Amino acid sequence: VTKQIAIAIDGPAAAGKSTVSKIVAKELSFIYIDTGAMYRALTYKALREQISLTDEQKLSALLADTTIELVQGKDQQRVLVDGTDVTEDIRSSTVTNQVSYIAKHSSVRKEMVKRQQKLAQKRGVVMDGRDIGTQVLPDAEVKIFLKASVEERAKRRYDENVKKGFSSDFEKLKQEIEQRDQIDSKREVAPLVKADDAIELDTTDLSINEVAESILNEVKKATQDRGNTDESI
Ligand code: CDP
Ligand code: CDP
């Protein structure tokens, strides 16, 4: 049995964070927490209520009045906003292209981080996002920063869309990913950046399983290290 540690997985859009986090969580019987889903959920509600995405005060009041739940379903994690299932809605291209504007606001982030830290209190957790290693779980035992070329990431999203039967334009997808990376990396509060003690993995030429294996290997190393110190006490 693996020790109940925290694993932080950060990186830009479509680097493979959620796919790989789910595999790692399943393998270790840890819980998986998708923090991007929380920002998406708030964006979805704000758009529905026609709240301006630049109005920080209204957005943080909205968040204070919103419950966001991540529920483990049979094979998928469901996302509930005020009790309503919005799992599919929060993946729409409208939400995807707007979410970074909401994620810029410091008061919104502060509340999200608070909620995320509470969710991760019970260890044995894999959490993915943009600021997990730097802000949410700075003491995570394993920190991974996943990256991949923008071409490869756009291709992954493109293939995903084709599989789902959606039409999509590769160049447009690539531009949207670049745009979101830009906003996420350049924002003043908790920008997307590799934590000093995170292990960087370039997944451009790696399969999903290779990435998962490599993370599980880091987990093994980290838990063995801890095991040794325990023994020497
Ligand atoms: O899955 P994908 O990489 O497309 O995005 P996501 O993880 O669902 O995150 C959506 C957006 O939420 C990101 O582009 C960020 O703007 C924001 N986000 C954030 O600021 N901090 C996090 N910890 C997670 C997401
Ligand atoms: O969560 P994030 O936005 O970082 O990425 P994701 O949604 O987990 O992964 C994007 C897509 O890339 C998924 O369809 C994965 O199956 C695929 N993928 C891949 O082809 N090769 C990898 N090494 C990782 C992910």
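Residues numbered from 1 in each chain as written. Chains lettered and ligands numbered in written order. Predicted model: local features only at pLDDT ≥ 70, side-chain atom pairs only at ≥ 80, totals over all residues. Heavy atoms only, no water.

This part covers the pattern of salt bridges. Across all of its chains, the model carries 20 salt bridges by this definition. Salt-bridge contacts for D184 lead to R130; the nearest nitrogen and oxygen are separated by 3.4 Å. Placement of the pair is D184 in helix α8 (residues 170–186) and R130 in the loop between β6 (125–129) and α6 (132–136), with a sequence separation of 54 residues. Overall, D184 belongs to the buried group, its relative accessible area being 5%. When its relative accessible area of 15% is taken as the criterion, R130 is described as buried. A single network of salt bridges, built from pairs that share partners, joins R78, D85 and E88. (Salt bridge = Lys/Arg side-chain N within 4 Å of Asp/Glu carboxyl O. Helix = DSSP H or I, 4+ residues; strand = E, 2+ residues; numbered from the N terminus. Buried < 20%, exposed > 50% of the residue type's maximum accessible area, 1.4 Å probe, protein only.)

Attention now goes to the sheet that holds strand β7 (residues 142–147). With respect to topology, 5 strands assemble into an open sheet ordered β2-β6-β1-β7-β8, the strand pairing being parallel. At either end of the open sheet lies a strand with only one pairing partner, and these are β2 (31–34) and β8 (199–202). Across the sheet, the axes of successive neighbouring strands diverge by a mean angle of 20°, strand direction being ignored. Direction of pairing for strand β1 (residues 6–10) relative to β7: parallel, over a ladder of 4 bridges. Within β7, the residue paired with A8 across the bridge is K143. The sheet strands contacting helix α1 (residues 17–28) are β1, β2, β6 and β7, and the helix crosses β6 at an angle near 175°. Its contacts with the sheet place helix α2 (residues 35–48) against β2 and β6, and it is angled at close to 40° to β2. (Pairing = 2+ DSSP bridges. Axes fitted to C-alpha atoms, helices over the stretch in contact; angles between N-to-C directions. Contact = heavy atoms within 4.5 Å.)

With that settled, the discussion passes to the site of ligand 1. Taken together, 20 residues lie near ligand 1, and R40, R109, D131, R180 and D184 sit nearest. Elements supplying a minimum of two residues to the shell around ligand 1: α2, α4 (93–102) and α8. Looking at the shell around ligand 1 element by element, the count peaks at 4 residues for α2. Looking at side-chain class alone, the shell around ligand 1 contains 6 nonpolar, 4 polar and 10 charged residues. (Near = heavy atom within 4 Å. Nonpolar A, V, L, I, M, F, W, Y, C, P; charged D, E, K, R; others polar.)

In this section: the nonpolar core. Core analysis: the largest hydrophobic core is formed by 23 residues, its most contacted members being L42, A46, L59, I102, V108 and M112. Of all the secondary structure elements, the ones that give two or more residues to this core are α2, α3 (56–64), β4 (77–81), α4 and α5 (106–119). Residue contributions to this core peak at 7 residues, all from α2. In this view, A46 contacts I51, L53, L59, L62 and I102; residues no more than four positions away in its chain are not counted. Among the nonpolar cores identified, the runner-up in size contains 21 residues, and I7, V24, A25 and I144 belong to it. (Core = buried A, V, L, I, M, F, W, Y, C linked by side-chain atoms within 4.5 Å.)

By the burial criterion, the buried members of α4 are V95, T96, V99, S100 and I102. Axial view of α4: buried residues confined to an arc of 155°, hence all on one face. (Arc of directions from axis to C-beta.)

UniProt records the feature "binding site: ATP" (unreviewed entry) at G11, P12, A13, A14, A15, G16, K17, S18 and T19, using the numbering of this structure. Within the secondary structure, A14 is located in the loop between β1 and α1. Residues in contact with A14, not counting those within four places in the same chain, are R153, R156, R157 and I177. As for its placement among the helices and strands, T19 is situated in helix α1. (UniProt positions renumbered as here; feature names shortened; annotations may be inferred.)

Lining the immediate surroundings of ligand 2 are 15 residues, of which K17, S18, T19, R157 and E160 lie closest. For ligand 2, an oxygen atom lies 2.8 Å from a polar atom in the backbone of A14. At 3.1 Å from an oxygen atom of ligand 2 is found a main-chain nitrogen or oxygen belonging to A15. When ligand 2 sits alone it has 550 Å² of accessible area, and the protein chains cover 82% of it. Of all elements in the fold, only α1, α7 (150–164) and α9 (208–232) reach the threshold of two or more residues within the shell around ligand 2. Counted by class, the shell around ligand 2 contains 7 nonpolar, 4 polar and 4 charged residues. (Polar contact = N/O pair within 3.5 Å; in protein donor to acceptor, adjacent residues only side chain to side chain. Areas by Shrake-Rupley, 256 points an atom, 1.4 Å probe, with all protein chains shown as cover.)

So, about the packing of α2 against α5. Packing of α2 against α5 brings their axes to within 11 Å, and their N-to-C directions diverge by 135°. In terms of their interaxial angle, α2 and α5 are classed as oblique. Handedness of the α2/α5 crossing: right-handed. Where α2 approaches α5, its residues T35, M38, Y39 and L42 are matched on the opposing element by V108, R109, M112, R115, Q116 and L119. When grouped by side-chain class, the residues that make up the contact of α2 with α5 number 6 nonpolar, 2 polar and 2 charged. (Parallel < 35°, antiparallel > 145°, perpendicular 65-115°, else oblique. Left-handed = near helix turned anticlockwise from the far one by under 90°.)

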